[in-house]
Amino acid sequence: MAKLKTPVSPEDHAQGDSLAPVTLVEYGDYECPHCGRAYPIVKGVQKHFGKRLLFVFRNFPLTQSHPHAEPAAETAEFAGSQGKFWEMHDLLFEHQNRLGLPLFEQLAEELDLDPEALSASLESHEFVARVRADFSGGVRSGVNGTPTFYINGVRHNGSFDFEYLVEAIEADLAAPRP
Amino acid sequence: MSDILPAGTPAPDFTLPVTPDQKLSLSELRGKPVILAFYPADWSPVCGDQMGLYNEILPEFEKHGAELLGISVDGAWCHVAFAEARSYRFPLLADFEPKGEVARAYGVYRSADGMSERALFVIDKDGKIAWSYLSPIGVNPGADGILDALESLPK
């Protein structure tokens, strides 16, 4: 049973109550169509559990098959450095079929971020170390493709369709606590 | 069927097509660790694909001087098309004729399905199996076990 080796920390991008009984971690790739499909599902799961769920997103760009995945991840990190990670995360998934520098700059503008500062950041790979650190931690935790989910630190091996994710989280909530 | 060969067993040697006109023997790789990744079939779904993941983290394997070999019962031409479509940078071996013979030797052939299990072996530089793992066929095992095994090899 694969387990999360890098514990959730304040360094992570997290949505929800940090004291929530369940933490859902996703390792994702902005260019991966499966992650694109998972994006609204996760939103639904967050809505379903409300305060009982903390959601964390970590980068796992499959650069060999997805040429825009890493710059997209860096774009989200750039936005994150200015307090707008989730806004950019959402916009990237919502425009997944148009990833590339023109879109990144356009989205930066939409979020009142400086598009020139973004392109300089991408040029210098300012956030690449952060993205690679997420990736390496994911590899060591048994990430086996994208998206990979962990429910309270344990890899979710089944389908990520809404009812399966909800069921797995319910099962975890119902399990006796040590 | 027989059981998956455990750690400590000498890795059975084999010679298999690595391209339509080239063959590779396991014994040629003596002196460095070898990762042998048996998988059921080419052309499984894209992003959750095990070989795609290994392609991505090849540099982590290379840090250990290890050679990665993918192996399935698909033919050499099928492998060529598959590897080109996915830009794989490591060899895929065709355990095609006699079908699944190498998978059988390693105890990871599914006779009922005519394909191999999803199974991993880390073979040390002396040709001995240092670690083996049989994954449920529908579950991509990831790479954490391989990396743990490579790290545990004596230097």
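Position numbers for residues count from 1 along each chain, tracking the sequence in the order it is written. All chains are assigned letters beginning at A, and all ligands numbers beginning at 1, according to the order in which they are written. Given that this is a predicted model, residues contribute local features only at a pLDDT of at least 70 and side-chain atom pairs are listed and counted only at 80 or more, while totals for whole chains, interfaces and linings are drawn from all residues. Hydrogens and water molecules were not included; the side-chain quantities draw on all heavy atoms of the structure.

**With respect to the interface of chain A and chain B**
Phase 1: Every residue pair with non-hydrogen atoms within 4.5 Å of one another is taken to be in contact. At the junction of the two partners, chain A supplies 23 residues and chain B supplies 17 residues.
Phase 2: Of the roughly 1,500 Å² buried where chain A meets chain B, counting both sides, 52% is carbon and sulfur surface.
Phase 3: Counted as salt bridges are all cases of a side-chain nitrogen of Lys or Arg within 4 Å of a carboxyl oxygen of Asp or Glu. At the surface where chain A touches chain B, the tally comes to 2 salt bridges.
Phase 4: Across the pair Asp148(B) and Arg140(A) runs a salt bridge whose closest N-O atoms are separated by 2.5 Å.
Phase 5: Throughout this description, a polar contact denotes any pair of N or O atoms lying within 3.5 Å of each other; where both atoms belong to protein, one of them has to be capable of donating a hydrogen while the other can accept it, and for residues adjacent in sequence the pair is counted only when both atoms sit in side chains. Counting the contacts that link chain A with chain B gives 5 residue pairs in polar contact (both at pLDDT 80 or more).
Phase 6: Going through the elements one at a time, helix H1 (33–49) and helix H6 (128–140) of chain A are the ones with two or more residues in the side of chain A that touches chain B.
Phase 7: Of the residues forming the side of chain A that touches chain B, the biggest block, 4 residues, is contributed by H6(A).
Phase 8: Here the side of chain A that touches chain B is composed, by residue class, of 8 nonpolar, 12 polar and 3 charged. Buried area is calculated as the accessible area (1.4 Å probe) missing from two parts once they are joined, with the contributions of both summed. Numbering of helices and strands runs from the N terminus, with a helix taken as a DSSP run of H or I at least four residues long and a strand as a DSSP run of E at least two residues long. Gly is put with the polar residues, along with every residue not named as nonpolar or charged; the nonpolar set is Ala, Val, Leu, Ile, Met, Phe, Trp, Tyr, Cys and Pro, and the charged set is Asp, Glu, Lys and Arg.

**Observations regarding empty space enclosed by the protein**
Residue and element names in this part refer to chain A.
Phase 1: Using protein atoms alone on a 1 Å grid, points that fit a 1.4 Å probe yet trap it form a cavity, whereas open point sets bounded by protein on both sides within 12 Å along at least five of seven lines form a pocket; residues with an atom within 4 Å of a point count as lining. Grid points are joined across faces, edges and corners, and a volume is the space filled by probe spheres set on the points. According to the stated counting rule, one finds 2 cavities of 30 Å³ or more in the structure shown.
Phase 2: Roughly 50 Å³ of internal volume is contained in the largest cavity.
Phase 3: Its residues assigned to classes, the lining of the largest cavity comprises 4 nonpolar, 2 polar and 4 charged.
Phase 4: Computed from the structure, the second largest cavity encloses a volume of approximately 40 Å³.
Phase 5: What lines the second largest cavity is simply Glu26, Tyr39, Val42, Lys43, Gln46, Phe55, His89 and Phe93.
Phase 6: Counting residues per element, the lining of the second largest cavity draws most heavily on H1, which supplies 4 residues.
Phase 7: When grouped by side-chain class, the residues that make up the lining of the second largest cavity number 4 nonpolar, 2 polar and 2 charged.

**Some points on the nonpolar core**
What tends to happen in soluble globular proteins is that the nonpolar side chains get buried as a cluster.
Phase 1: For our purposes a nonpolar core is just a set of buried Ala, Val, Leu, Ile, Met, Phe, Trp, Tyr and Cys residues, chained together by side-chain atoms within 4.5 Å. Burial classes: relative accessible area under 20% of the type maximum marks a residue as buried, over 50% as exposed, and values in between as partly exposed (1.4 Å probe, protein chains only). Counting 42 residues, the largest nonpolar core has Tyr30(A), Val45(A), Met88(A) and Leu92(A) as the members making the most contacts within it.
Phase 2: Ranked by residues supplied to this core, first place goes to H1(A) with 7 residues.
Phase 3: Among all residues touching Met88(A), those that are not within four sequence positions of it are Thr75(A), Ala76(A), Ala79(A), Phe104(A), Leu107(A), Ala108(A), Leu111(A) and Leu113(A).
Phase 4: Membership of the second largest hydrophobic core comes to 36 residues, among which are Phe82(B), Val122(B), Ala149(B) and Leu150(B).

**Things to note about the packing of helix H2 (residues 69–81) of chain A against H6(A)**
All names here are of chain A.
Phase 1: Here, axes are lines fitted to C-alpha atoms. For helices the fit covers the stretch in contact, and angles between N-to-C directions go from 0 to 180 degrees. Across the interface, H2 lies against H6 with an axial gap of 9 Å and an inter-helix angle of 110 degrees. Compared by their axis directions, H2 and H6 come out roughly perpendicular. Crossing hand, H2 versus H6: right-handed. Here Glu70, Ala73, Glu74 and Glu77 of H2 come into contact with H6, specifically with Val128, Arg130, Val131 and Arg132.
Phase 2: Per-class residue counts for the contact of H2 with H6 are 3 nonpolar, no polar and 5 charged. Roughly parallel refers to an angle under 35 degrees, roughly antiparallel to one over 145, roughly perpendicular to one between 65 and 115, and oblique to any angle outside these ranges. Handedness of a crossing follows from how the near helix is turned relative to the far one, being left-handed for an anticlockwise turn of less than a right angle and right-handed for a clockwise one.

Everything listed here is a matter of coordinates, which is why it stays silent on function.
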